[in-house]
Amino acid sequence: MAVFSLGLSSCNSDDNLEQKAPAQEYLKEAKDILSGDIVLSTKATMNTVDKTLLPQGCPTKFNFNWEKDSLRLTLDGFTVGKMPLIVYFSCKCKFMQLNSWEKDEYKGDGWIKFKGKDGSVTGNPKDDSGVQQGSGAGVEGYLNVKTNQITFIVDYNMMNVRSECFLQTIDKNRINNYEAEFAQYEKDLAAYKKEHGL
């Protein structure tokens, strides 16, 4: 019984961390790191199957915009290959401390967590409705403000489609070469599909 109570107490304290903001110095550094358009490599998955196919993933342009201490993450018109639709996604994210088991996975100083829910998902660029209560779409990720490493998942809550930004170091210079990098990805993707008969 004592062990059970201890377990419940631990869970409750971990849940409370989701309401606890990170250190102000970490939040300030996060605002410097995540600003404007940033290109990150992602894997687009459907039912856990990687649709980007290539091991390096697909270069994806995200926009990061701050509203006081909340971050708005936006994906503005993403499509790739023969994807039948263009995705527009926007979600406001809150920053918080890591809980105990997250600290075991993300070791070292500088890690903070960001999380958003009820994001807006649409195929219409004129739809600026913002928060969609109960949409189920959201973001969950981790940023190290000391090393500039980032990883996050955007769950569109639509046909089990997700954008998975695997652990990588942010390189803000990638935005200068985004169009060429994306064009090269599409060439490599076409070659991969031809080679594998897809």
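In this report, the structure presented in the accompanying data block is examined. All values derive from a computational prediction rather than experimental measurement. (Residues numbered from 1 in each chain as written. Predicted model: local features only at pLDDT ≥ 70, side-chain atom pairs only at ≥ 80, totals over all residues. Heavy atoms only, no water.)

**Concerning the overall build of the protein chain**
Our working rule: Numbering of helices and strands runs from the N terminus, with a helix taken as a DSSP run of H or I at least four residues long and a strand as a DSSP run of E at least two residues long. A 1.4 Å probe rolled over the protein chains alone gives each residue an accessible area, and that area as a share of the maximum for its type sets the label: buried under 20%, exposed over 50%, partly exposed in between. Contact between two residues is taken to exist if any of their heavy atoms lie within 4.5 Å; hydrogens are not considered. Throughout, the Shrake-Rupley method with a 1.4 Å probe supplies accessible areas, and for residues the shown protein chains are the sole cover considered.
Scanning the protein chain from terminus to terminus reveals four helices and ten strands. Ordered by position from N to C terminus, the α and β elements of the protein chain give α-α-β-β-β-β-β-α-β-β-β-β-β-α. Here the protein chain holds 198 residues, and the buried ones make up 40% of them. For the protein chain, restricting intrachain contacts to residue pairs at least 6 apart in sequence, the fraction spanning at least 24 positions comes to 56%. Accessible surface computed for the protein chain: about 11,300 Å², of which carbon and sulfur atoms make up 52%.

**Some details on the packing of aromatic side chains**
Each aromatic ring pair is summarised here by two numbers: the centre-to-centre distance and the angle between the ring planes. Threshold: Only Phe, Tyr and Trp rings take part, Trp by its six-membered ring, and two of them pair if their centres are within 6.5 Å. Stacked means planes under 30 degrees apart, edge-to-face means over 60, and tilted covers everything else.
On inspection of all chains with the given rule, the structure shows ten aromatic pairs. With a centroid separation of 5.9 Å and an interplanar angle of 45°, the aromatic rings of tyrosine 178 and phenylalanine 182 are classed as tilted. Placement of the pair is tyrosine 178 and phenylalanine 182 together in helix H4 (residues 178–195), with a separation of four residues, close to one helical turn. Residue tyrosine 178 shares its accessibility class with phenylalanine 182, and that shared class is buried.

**Considering unusual backbone geometry**
Here the phi dihedral of threonine 48 falls at roughly 70°; this positive angle occurs in a residue that is not glycine. Mapped onto the elements of the fold, threonine 48 is located in the loop between strand E1 (36–46) and strand E2 (49–50). You will see that lysine 68, though not glycine, has its phi angle at about 60°, which is positive. Structurally, the position occupied by lysine 68 is in the loop between strand E3 (58–67) and strand E4 (70–78).

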